[in-house]
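# Understanding the architecture of this molecule
Here is how the chains run, residue by residue.
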Amino acid sequence: MKDLKHLIYFEHLLQDAENQLIKEARHDGKICVAYTCENIPEPLLNLPGAFSARLRAPRTGSMEMSTYYMTSFLCEYSRALLERAIEGGFNFADCIITPDGCTMMNRAVENMELLKTMGKDKPKFFFQYMEIPMKADDNGLNLYVLQCKNHILKPLSENYGLDVSDAAIRKAVAEHNEVCRLIREIGDFRKEERPRITGYEFHIITLATYVAPKYLIVDKLRETLEELKTREPEPKFPFRARVALVGSEIDDPDFTKLIESCGAMVVADRYCFGSFPSREQIEILPGESAFDAICRHYLQWNQCARFMDGDKIDQRHNEVRKLVENFRADGVIYENMKFCEFWSYEKVLANHIFTNELHIPCCTIEKEYALGAAGQLRTRFQAFIESLEIKSIQGGK
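This report concerns the structure included in the present document. (Residues numbered from 1 in each chain as written. Predicted model: local features only at pLDDT ≥ 70, side-chain atom pairs only at ≥ 80, totals over all residues. Heavy atoms only, no water.)

### Examining the overall build of the chain
Looking only at helices and strands, the chain features 14 helices and eight strands. Here the C-alpha radius of gyration of the chain, 20 Å, is about what a compact globule of 397 residues would show, namely 21 Å. Residues classed as buried in the chain amount to 57% of the 397 residues present. Within the chain, counting contacts between residues at least 6 apart in sequence, those at least 24 apart form 73% of the total. Working note: accessible area of the chain is about 16700 Å², and carbon and sulfur atoms make up 50% of it. Here the chain contributes 51 positive and 60 negative side-chain charges, whose respective centroids are spaced 2 Å apart. (Helix = DSSP H or I, 4+ residues; strand = E, 2+ residues; numbered from the N terminus. Rg over C-alpha atoms; globule rule 2.2 N^0.38 Å. Buried < 20%, exposed > 50% of the residue type's maximum accessible area, 1.4 Å probe, protein only. Contact = heavy atoms within 4.5 Å. Areas by Shrake-Rupley, 256 points an atom, 1.4 Å probe, with all protein chains shown as cover. Lys, Arg positive; Asp, Glu negative; His and termini not counted. Charge placed at Lys NZ, Arg CZ, Asp CG, Glu CD.)

The structure is reproduced here in structure tokens:
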């Protein structure tokens, strides 16, 4: 297929945590609100005068210092963020908001604060820690509303004077929804028999919307969508199988490239930094404030493995099943970051349900943050893809 016009541009945005668009937005006088997890509602971080940047640590090398403070038995993503913070890689942020989505991430940000890794010469800089409910019931919603008010709106208003009115929040929701609409329309091309976009390309584009100011990237998203409408797909489907990639934190497009180099196209992405469910548009109901709509939406659509109630567990599996059906995936790859507690449990349960109850082929893997054990993963993926081919030859048996 013909190369996408802006793909290299999007790739360059992912080379460093402080990319060119972040520098441009800060030069425009906007406040950079850093965050670490999908449990934080993005629109509230993108109020007029501010923009969000989800932290990641591209090109991670040694993690000796962070391992000293956090031990080698904690999630590598959280350690990589702490290591990058110690190196000064997040000094562009004007504040950071993190949830207690997991104790490891909480501990990483606490160490950032204790070690004074961020906020130098920024008297208004603040750290905020949100308590996230483990159930999506009325009590959980009330807690989430309170946490968003006290740990997002209040400090942004008091420290930086941001407008937190309903009109300002509605404007942020409109911007968020436009990005979501574009990403979903781009991603829908993966449903085609001969998709006109690869999983790797889509991963690049989606990831850029998390780490760059949305108002500076939306025009290129629109151009990319229009370009894809007339892009000619390959004459013959160039992959041996189609898979849905599900799991925890995946912010390295090379992981998707590895899967596709083994012969399986990633046609659906349900993971942290993915388009499902985080790029679902927010609906504001009649008579509902924009703030209440955001809180309701994030609690309703959130599919983090942190939620332990039965309805949420069933929702996670049903949504993956729908992705398999809608994107015509032949199987599912379930991933968890090494030492990730929640997704380690979820992966085992999901493997049983998909394999034995839903009869959908499932491959479970554990990966490091830096793609080190690529050889072992390649062997696992190749074996799984071969099994999908055999099943297809045998008529799905």
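### Some points on the pattern of salt bridges
All chains considered together, the criterion is met by 25 salt bridges. Put simply, Arg231 and Glu201 hold a salt bridge, and the shortest N to O gap is 3.1 Å. Placement of the pair is Arg231 in the loop between helix 9 (214-229) and strand 5 (241-249) and Glu201 in helix 8 (residues 199-211), with a sequence separation of 30 residues. Glu201 carries the same exposure label as Arg231, and that label is buried. (Salt bridge = Lys/Arg side-chain N within 4 Å of Asp/Glu carboxyl O.)

### Regarding the layout of surface pockets
Counted as a void, the largest pocket has a volume near 300 Å³. Along the walls of the largest pocket sit 17 residues, with Arg56, Pro58, Arg59, Asp252 and Asp254 positioned nearest its centre. Counting only elements with at least two residues in the lining of the largest pocket, the list comes to helix 1 (7-13), helix 8 and helix 10 (253-261). Classifying every residue of the lining of the largest pocket gives eight nonpolar, three polar and six charged. (1 Å grid on protein atoms, 1.4 Å probe; cavity = no way out; pocket = protein on both sides within 12 Å on 5 of 7 lines; lining within 4 Å. Points joined across faces, edges and corners; volume = space filled by probe spheres on them. Nonpolar A, V, L, I, M, F, W, Y, C, P; charged D, E, K, R; others polar.)

### Let's talk about helix 9
Helix length check: helix 9 (16 residues) gives 22 Å between terminal C-alpha atoms against 22 Å at 1.5 Å per residue, within 8%. Every buried residue of helix 9 is listed here: Lys214, Leu216, Ile217, Val218, Leu221, Thr224, Leu225 and Leu228. Turning to helix 9, the residues buried within the fold contact helix 1, helix 2 (20-27), strand 2 (50-54), helix 7 (166-187) and helix 8. (Expected span 1.5 Å × (residues − 1).)

### A word on the environment of Met1
Along the chain, Met1 turns up in the segment before helix 1. Exposure remark for Met1: the relative accessible area of 29% places this residue in the partly exposed category. The sequence separation of Met1 and Glu185 amounts to 184 residues, and the corresponding C-alpha distance is 19 Å. Residue contacts for Met1: discarding those within four places in its chain leaves Pro195, Arg196, Ile197, Thr198, Arg231, Glu232, Pro233 and Glu234.

### Remarks on a nonpolar patch on the surface
Nonpolar side chains collect at one region of the surface, where Met65, Ile86, Leu114 and Leu115 lie side by side and expose about 350 Å² of accessible area between them. Tracing the backbone through its elements, the reader meets Ile86 in helix 4 (residues 76-86). (Patch = residues over 30% accessible without salt bridge, like charges linked within 9 Å, V, L, I, M, F, W, Y side chains within 5 Å.)

### A short note on the pairing of strand 7 (residues 331-337)
Strand 7 sits mainly inside the fold: seven of its seven residues count as buried. A two-sided burial pattern is seen for strand 7, the buried positions comprising Gly331, Ile333, Glu335 and Met337 on one face and Val332, Tyr334 and Asn336 on the other. Direction of pairing for strand 7 relative to strand 8 (residues 362-367): parallel, over a ladder of six bridges. When the sheet's bridge partners are listed, Ile333 is paired in strand 8 with Cys363. Handedness of the crossover is the feature at issue here: the chain leaves strand 7, passes through helix 13 (residues 341-357), returns alongside strand 8, and the resulting connection is right-handed. (Pairing = 2+ DSSP bridges. Right-handed = clockwise from strand over helix to strand, strands pointing away.)

### Considerations on the state of the cysteines
Inspection of every chain in the model, using the stated rule, returns zero disulfides. Here Cys148 stays unpaired: no disulfide links it, and the sulfur of Cys295, its closest cysteine neighbor, is 4.1 Å away. A residue is classified by how much of its surface remains accessible, and Cys148, at 0% relative accessible area, is buried. (Disulfide = S-S within 2.5 Å.)

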